[in-house]
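Examination of the molecular architecture
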Protein chains: 2
Amino acid sequence: MGAKQRMVVIGGDAAGMSAASRARRMRAPDELEITAFERGRFTSYSACGIPYWVGGEVDERDQLIARTPEEHRRRGIDLRMRTEVTEIDLDRQCVRTRDLDDEDGAQERWHGFDHLVIATGARPLRPPLPGIDAPGVHGVQSLDDGQELLDRLEERRVRHAVVVGAGYIGVEMAEAFCHRGIHVTVLERAEQPMNTLDPDMGALVHEAMNGNGIETVTGAEVTEVLTGTDGAVRGVATAKGEYPADVVVLGLGVRPETGLARDAGLPLGESGGLLTDLAMRVRGQENVWAGGDCVEVLDLVSGRERYIPLGTHANKHGQVIGRNVGGGFATFPGVVGTAVSRVCDLEIARTGLLEAQAREVGLQYVAVTIRSTSRAGYYPRAAPMHVKMLAERRTGRLLGVQIVGREGAGKRVDIAAVALTAGMTVEQITALDLGYAPPFSPVWDPVLVAARKAAGAVAEDAREADGG
Amino acid sequence: MGAKQRMVVIGGDAAGMSAASRARRMRAPDELEITAFERGRFTSYSACGIPYWVGGEVDERDQLIARTPEEHRRRGIDLRMRTEVTEIDLDRQCVRTRDLDDEDGAQERWHGFDHLVIATGARPLRPPLPGIDAPGVHGVQSLDDGQELLDRLEERRVRHAVVVGAGYIGVEMAEAFCHRGIHVTVLERAEQPMNTLDPDMGALVHEAMNGNGIETVTGAEVTEVLTGTDGAVRGVATAKGEYPADVVVLGLGVRPETGLARDAGLPLGESGGLLTDLAMRVRGQENVWAGGDCVEVLDLVSGRERYIPLGTHANKHGQVIGRNVGGGFATFPGVVGTAVSRVCDLEIARTGLLEAQAREVGLQYVAVTIRSTSRAGYYPRAAPMHVKMLAERRTGRLLGVQIVGREGAGKRVDIAAVALTAGMTVEQITALDLGYAPPFSPVWDPVLVAARKAAGAVAEDAREADGG
């Protein structure tokens, strides 16, 4: 690499610090100087673990921290905490920073780079409703958010919680309140919870949540956060009525944190996420990289860029960037849209396209749903599971799978995730040699049962189309 | 199909009756007459479930029966129970049968066929040792075997059981005895239990079995079954010593039941299993089909025919045969050698090639083993799991995966099974979009961790080879 290079990383969580760590393992400090700026107080933590910490399943905040600032520094990364990057100057190849603990707020510095990694993450959606900033309204995006929520749960006698939004974070937070013995109401604007599933599969989740004592109200758009005489939250108003709440959690999803990148003129997609090439280089740039929750990813099934913020992608992005900056070569080929979640004893998973997503990109499909069990039917604790499968008309190519079930159901989505990546047809899936023994699966794994039904539907559809 | 056709099926279990049922759904009785001959008293049952029935986890024998003779008959299959096929005459296109309940044993009949399906299954290995036929020595291949063993456990006070052979059936039967509170010793000739794993992974199973109170003695070839004054079994002798036993179970594996086929001149592979084409037609025959535990299957990873008797293959074979006989078209493309099993709380899985199997077919490989956890490390009940991965030198193609772990470990083998089928490299596997949430997986799924290490080993190996 010739003269000593300077790598500057903006953001100290999964993508940024993975990139820094991987590059450091490839290049010694006399070849590559690595400086990372983090606005907050923590590095490399599992935001996905926050609901389980709030729910009491994870005891300590520090368990969620994979690597502390001190550990990063010991590994030769110059990490500046509580330091915000306020500007990227691409012409001069430098970034301007501000020390957040400097009381004057005037202490600004410029830092030059040979490689810049943008890993600024995401910010939670916070609609501009009356009362939204009242004490008792919480996000759960960062460890600080989690700590504030836990502090409130300990300070006050919280009997009623309202979770706004029934996506992954929403249902996981609902479970967390359940765990703590707090009555919880989930308010969802859409007609079903989990809009990452088709409505018919979301309805199964809805039913199970209510069965588990999680009051789930759909078609309920929040119009106001109600406050008491002390100014703190006392409830939430929707067109469907008011719901009492000692605490409110916002689970409305996140948007990419790309203000800096936009101001620097870097290319953003429809969602506002940065656009990169396969090596995670920002499009049109030679030495600016981006990864994690601030980028769009290529959806291999639809061929579209999508915004799918997820820790598992962020870690992969970091590895790829670190390897490329370190002088190696790696790519992030894309995603297939896999996600898995749990609410109480319900496991919810999806991969590939929903019906609406398939239509959006002009695909025609057949859709089937089957009900099977996670283990052989005669085996104890065989639990029902539903599998929905979408296959392209005529070609029979797998387009997507959704699973709602109980123990052992969720991770079966991986079978479909690999099959999607490989471009398999549902007919090919019927022949897969999957693990079978009565404690693990019926002799036909539920995914195979769905594939058989989908293959039949593809054939039937083709017959009708040709006959017509 | 023109004139009415006659389909004759030999064997009333998974492969045979799946073939019959599928063909029946495709063709009405006035087009296709279906006759099936079964030697025993049961049809379409789960032999894999027998250990759980013996262990008391499954209450009733009938729970293991997917479809009774009466149910098959109601669906239009002429099923002849307790009827043995004694000869196949390919020239005259007919089979000779004998009614086993006919006391004279003289009643023989010939039945003509247009399509013959051989689904004669397997027979357990029973070495010609002194005492092997003593009362108290049991196989666990059929429902009748299971019933005899259960009867013995109820008639006598059984305190000590010996299981001969530590393969799948052996370890599952060991667990069954544990469940019943019977002290069990497993005797295995090889140096490690589970010879379906590499020895290093088998050692993990060995350790866990002993930890669970299952005395597991390796390098212990059985030389004699010891009998008492009543002629019944009282122990087992090996070169390593004698082990007391009130009951002995043979778990030495099975061989294809292909005497009839051999006598008819049909082609058998090295294992003695029938050889078929991709449509499950016996090689060189127009209208003779075979499936289930009496055939060899194509191993897609090594390109070799192997004998891998497994209910899940048998069911697929039956579907393919039924569809082809019914006038449709289907193939069984082959297997990748996937198997999963459980002993106590240990989950054991494999797919693809072991080290010895890779060498046997001339493949060179790198092998890596990693230790990770089934869930995020901070999440409750995160259990250790070991993943071993083999990748081809230079190409990096995945060759095999072995997993030993606890809850949630076993079925992860499916990820590798699909990747093997698709011919993926370990580098490609590192980028797979697998389901992630803390209750389900660390942010890097253990299979991805193994793939990263394997990809590194492939690169390192190539570098050294080129540098050499």
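Definitions and limits used
- Residues numbered from 1 in each chain as written.
- Chains lettered and ligands numbered in written order.
- Predicted model: local features only at pLDDT ≥ 70, side-chain atom pairs only at ≥ 80, totals over all residues.
- Heavy atoms only, no water.
- Helix = DSSP H or I, 4+ residues; strand = E, 2+ residues; numbered from the N terminus.
- Buried < 20%, exposed > 50% of the residue type's maximum accessible area, 1.4 Å probe, protein only.
- Contact = heavy atoms within 4.5 Å.
- Areas by Shrake-Rupley, 256 points an atom, 1.4 Å probe, with all protein chains shown as cover.
- 1 Å grid on protein atoms, 1.4 Å probe; cavity = no way out; pocket = protein on both sides within 12 Å on 5 of 7 lines; lining within 4 Å.
- Points joined across faces, edges and corners; volume = space filled by probe spheres on them.
- Nonpolar A, V, L, I, M, F, W, Y, C, P; charged D, E, K, R; others polar.
- Expected span 1.5 Å × (residues − 1).
- Least-squares fit on C-alpha atoms with pLDDT ≥ 70 in both.
- Axes fitted to C-alpha atoms, helices over the stretch in contact; angles between N-to-C directions.
- Parallel < 35°, antiparallel > 145°, perpendicular 65-115°, else oblique.
- Left-handed = near helix turned anticlockwise from the far one by under 90°.
- Domains from an automatic or database assignment.
- Buried area = accessible area lost by both parts, 1.4 Å probe.
- Polar contact = N/O pair within 3.5 Å; in protein donor to acceptor, adjacent residues only side chain to side chain.
- Phe/Tyr/Trp six-rings, centres within 6.5 Å; stacked < 30°, edge-to-face > 60°.
- Lys NZ or Arg CZ within 6 Å of the ring centre and 35° of its normal.

**Points about the overall build of chain A**
On a plain count of helices and strands, chain A comes out with 12 helices and 25 strands. Considering only C-alpha atoms, chain A reaches an extent of 70 × 60 × 40 Å along its principal axes. Burial statistics for chain A: of 468 residues in total, 59% are counted as buried. Within chain A, residue pairs in contact and separated by at least 24 positions form 62% of the contacts whose partners lie at least 6 positions apart. If you sum the accessible surface of chain A, you get close to 18,200 Å²; carbon and sulfur atoms cover 45% of it.

**Here we look at empty space enclosed by the protein**
Following the criterion strictly, the structure yields 1 cavity of 30 Å³ or more and no others. If you add up the space inside the largest cavity, you get close to 30 Å³. In this structure, the largest cavity is lined by Leu432, Leu434, Gly435, Tyr436, Ser441, Pro442, Val443, Trp444, Asp445 and Leu448 of chain A together with Thr312 and Lys316 of chain B. Residue composition of the lining of the largest cavity, grouped by class: 7 nonpolar, 3 polar and 2 charged.

**Points about helix H8 (residues 311-325) of chain A**
The first and last C-alpha atoms of H8 of chain A sit 21 Å apart over 15 residues, in line with the 21 Å expected at 1.5 Å per residue. Counting buried positions along H8 of chain A gives 14 out of 15 residues, so the element sits mostly inside the fold.

**Things to note about the relation of the copies chain A and chain B**
Placing chain A over chain B gives an RMSD of 0.0 Å and needs a rotation angle of 180 degrees, together with 0.0 Å of translation along the axis. In the structure described here, the two chain copies are related by an operation that fits a two-fold rotation axis. The share of interface residues of chain A whose copies in chain B are also at the interface is 100%, consistent with both copies meeting through the same surface.

**A look at the packing of helix H10 (residues 413-421) of chain A against helix H10 (residues 413-421) of chain B**
Any two packed helices are characterised by how steeply their axes cross, that is the angle between the axes, and by the distance between the axes. One can describe the packing of H10 of chain A onto H10 of chain B by two numbers: an axis separation of 9 Å at closest approach and a directional angle of 20 degrees. One element, H10 of chain A, and the other, H10 of chain B, form an angle in the roughly parallel class. For the crossing formed where H10 of chain A meets H10 of chain B, the hand is right-handed. Taking contact as the criterion, the partners of Asp414, Ile415, Val418 and Ala419 of chain A in H10 of chain A are, on H10 of chain B, Asp414, Ile415, Val418 and Ala419 of chain B. Split into classes, the residues belonging to the contact of H10 of chain A with H10 of chain B amount to 6 nonpolar, no polar and 2 charged.

**What about the domain arrangement of chain A?**
A common way to report how large an interface is uses the accessible area buried once the components associate. Residue and element names in this part refer to chain A. As far as domains go, chain A holds domain 1 (5-123 + 255-325), domain 2 (126-252) and domain 3 (339-467). Between domain 1 and domain 2, the C-alpha centre-to-centre distance is 30 Å. Contact residues are listed per partner, giving 15 residues for domain 1 and 16 residues for domain 2. Interface area for domain 1 against domain 2, summed over the two sides, is near 1,500 Å², with a carbon-plus-sulfur share of 64%. Three residues, Pro51, Trp53 and Val54, lead the burial of domain 1 against domain 2; their summed loss comes to 38% of the area buried on that side.

**Regarding the environment of Ser44 of chain A**
All names here are of chain A. You can see Ser44 is positioned in the loop between strand E2 (32-37) and helix H2 (50-54). On the basis of relative accessible area, Ser44 is assigned to the buried category, the value being 11%. Taking C-alpha positions, Ser44 is 15 Å from Asp78, a pair spaced 34 residues apart along the chain. Residues contacting Ser44, with those up to four places away along its chain left out, are Gly12, Asp13, Met17, Leu64, Ile65, Ala66, Arg67 and His72. Here His72 takes part through its side chain, which lies 2.8 Å from a polar atom of the side chain of Ser44.

**Observations concerning the packing of aromatic side chains**
Each aromatic ring pair is summarised here by two numbers: the centre-to-centre distance and the angle between the ring planes. On inspection of all chains with the given rule, the structure shows 4 aromatic pairs over all chains. For the pair Tyr52 of chain A and Tyr379 of chain B, a centre-to-centre distance of 5.2 Å together with 85 degrees between the ring planes defines the contact as edge-to-face. Residue Tyr52 of chain A is located in helix H2, and its partner Tyr379 of chain B is located in the loop between strand E23 (365-373) and strand E24 (384-392); the two belong to separate chains. In terms of burial, Tyr52 of chain A and Tyr379 of chain B fall into one category: buried. Of note, Arg452 of chain A hangs over the ring of Trp444 of chain A, and the distance from its end group to the ring centre comes to 4.1 Å.

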